[in-house]
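# Chains, contacts and geometry: an overview
For reference, the chains in residue letters:
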Amino acid sequence: MTHIINGKEIAQNLRNNLKKEISKLKNKFGDVPGLAVIQVGNIAASSVYVKAKTKNAQEVGIEVIDHHLEGSVSEEELLKLINTLNNKNNVHGILVQLPLPEHMHEQTILDSIHPDKDADGFHPVNVGKLSIAAHNDENLLIPCTPYGCLIMLKDLNIDLVGKNAVVIGRSNIVGKPMAQLLIKESCTVTITHSKTKDLPGLCKNADIIIAAVGRPRMVKGEWVKEGAIVIDVGINRVEILKDGEKKTLLVGDVEYSEVEKKASAITPVPGGVGPMTIACLLRNTTIAFKNSFLK
Ligand code: NAD
């Protein structure tokens, strides 16, 4: 029978463990991790994510320092704020909610966050560390979504060594770091993208498929080998007609109804990768806090 990977439950366990750890750290150091959350503008989806991140962070005992800026704020002003937060002792992690308004250069902003406070793990220094490190080390600040996927894979208690893994998508926030993490687990990794030839053929040979594309239900049942593990990162909003009314439905990059019949384990959308991403952000903030005492 196909195992439906319960991201909500695994994320809850991770948060419970973090809560206990933060309480111990508070007793030891007399302080708790502080996470500065910066939102620029009022994109509805960003507001939903920021709200969820703030609530989850506070629940585990992280202090959230909220900065909601006008969409018209200049890049210079945002850089100034980040510089101030970089130098604040009570801020251990800084998160800039993406996307940023068009007049800002995203990479310039992400690069301005001090690497030690890089809660998302997007800074070139941390990307480099992830690429160089031999193991998925406890002190590294690793991009949250792919690390969440790895935790879910490990939760299956299977031997990852030598498994053929196909990562669909080569973005800096999901595809590339996902590949790095899987290489370190000794998987044989194929990174695929929009220019890849014969994606279905490559997928058919995969023991593990990680789909991070942003195309609703792209991965079909016939692409998937019997018994493969399928992690669906995609979050796509599609319109459906229900009882004559237009409704928005959240679907992944995988044709779930077909793939579920072939896979040995699969993540649903919603309730799969999404909750893990937030839990891993809290994990990174806690790591940054602990690292600040190692210096
Ligand atoms: P992106 O747009 O930056 O990258 C998409 C990648 O897919 C690109 O590398 C592109 O080459 C590849 N691609 C596009 N068309 C393809 C095709 N036909 N065949 C093969 N590859 C193709 O997207 P992203 O930021 O990596 O996000 C991917 C998806 O994951 C989106 O749906 C996003 O909403 C979702 N996401 C979810 C979470 C979460 O927490 N669950 C976090 C981040 C992203």
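Above this text you will find the structure in question.
Now for a description of the structure that goes with this document. (Residues numbered from 1 in each chain as written. Predicted model: local features only at pLDDT ≥ 70, side-chain atom pairs only at ≥ 80, totals over all residues. Heavy atoms only, no water.)

## Considerations on the side chain of Ser-46
- As for its position among the elements, Ser-46 is in helix α2 (residues 44-60).
- The exposure class assigned to Ser-46 is buried, which follows from its relative accessible area of 4%. (Helix = DSSP H or I, 4+ residues; strand = E, 2+ residues; numbered from the N terminus. Buried < 20%, exposed > 50% of the residue type's maximum accessible area, 1.4 Å probe, protein only.)

## Some details on the sheet that holds strand β11 (residues 265-266)
- If you trace the six strands from one edge of the open sheet to the other, you get β1-β11-β8-β7-β5-β6, paired in parallel fashion. The sheet is open, and its two edges are formed by β1 (3-4) and β6 (188-192), each paired on a single side.
- Two strands pair when backbone bridges link them, and strand β8 (residues 229-232) and β11 are joined in this way by two bridges, in the parallel orientation. Pairing of Ile-229 across the sheet is with Ala-265, part of β11.
- Packing of helix α6 (residues 144-155) onto the sheet brings it into contact with β7 (208-211) and β8, and relative to β8 it is tilted by some 150 degrees. (Pairing = 2+ DSSP bridges. Contact = heavy atoms within 4.5 Å. Axes fitted to C-alpha atoms, helices over the stretch in contact; angles between N-to-C directions.)

## Section: the packing of aromatic side chains
- Scanning the entire structure with this criterion turns up three aromatic pairs.
- For the ring pair Phe-29 and Phe-293, a centre distance of 3.7 Å and an interplane angle of 10 degrees mean the geometry is stacked. Note that Phe-29 is positioned in helix α1 (residues 7-29) and Phe-293 in the segment after α10 (273-292), a separation of 264 residues in sequence.
- With a centroid separation of 5.0 Å and 85 degrees between ring planes, the pair formed by Phe-289 and Phe-293 is classed as edge-to-face.
- Under the relative-accessibility criterion, Phe-289 is labelled buried at 0%.
- Linked through ring pairs, Phe-29, Phe-289 and Phe-293 together constitute an aromatic cluster. (Phe/Tyr/Trp six-rings, centres within 6.5 Å; stacked < 30°, edge-to-face > 60°.)

## A few points about the site of the ligand
- Taken together, 22 residues are adjacent to the ligand, and Arg-170, Ser-171, His-193, Ile-235 and Thr-277 come closest.
- Ser-171 has a polar side-chain atom sitting 2.5 Å from an oxygen atom of the ligand.
- The contact in question runs from an oxygen atom of the ligand to an N or O atom on the backbone of Ile-235, over 3.1 Å.
- The fraction of the free accessible surface of the ligand (860 Å²) that becomes covered by protein chains is 73%.
- Of the residues assigned to the shell around the ligand, the class counts are 10 nonpolar, 10 polar and two charged. (Near = heavy atom within 4 Å. Polar contact = N/O pair within 3.5 Å; in protein donor to acceptor, adjacent residues only side chain to side chain. Areas by Shrake-Rupley, 256 points an atom, 1.4 Å probe, with all protein chains shown as cover. Nonpolar A, V, L, I, M, F, W, Y, C, P; charged D, E, K, R; others polar.)

## A word on the packing of α1 against α6
- Orientation of α1 relative to α6, taken along the N-to-C sense of each, is 100 degrees, at an axis distance of 11 Å. In terms of axis orientation, α1 runs roughly perpendicular to α6. Taken together, the residues of α6 that come into contact with α1 (itself represented by Gly-7, Ile-10 and Leu-14) are Ile-151, Met-152 and Asp-155. (Parallel < 35°, antiparallel > 145°, perpendicular 65-115°, else oblique.)

## Some thoughts on the sheet that holds strand β2 (residues 34-40)
- Strands sit in the order β3-β2-β4 across an open sheet of three strands; the sheet is parallel. Unpaired on one side and paired on the other, β3 (63-69) and β4 (93-96) mark the two borders of the sheet. Mean inter-strand twist for the sheet, computed between neighbouring axes without regard to direction, equals 15 degrees.
- Summarising the sheet, β2 and β3 pair through seven bridges and their orientation is parallel. Among the inter-strand pairings, Val-37 is bridged to a residue of β3, identified as Asp-66.
- Against the sheet, α2 contacts β2, β3 and β4, and its axis sits at roughly 170 degrees relative to β2.
- Contacting β2, β3 and β4, helix α3 (residues 75-86) runs over the sheet at an angle of about 175 degrees to β2.

## Quick notes on the pairing of β4
- Residues Gly-93 and Leu-95 of β4 are buried on one face, and the alternating residues Ile-94 and Val-96, pointing to the opposite face, are buried as well.
- Sheet topology places β2 next to β4; four bridges connect them, and they run parallel. Bridge pairing in β4 links Val-37 to Leu-95.

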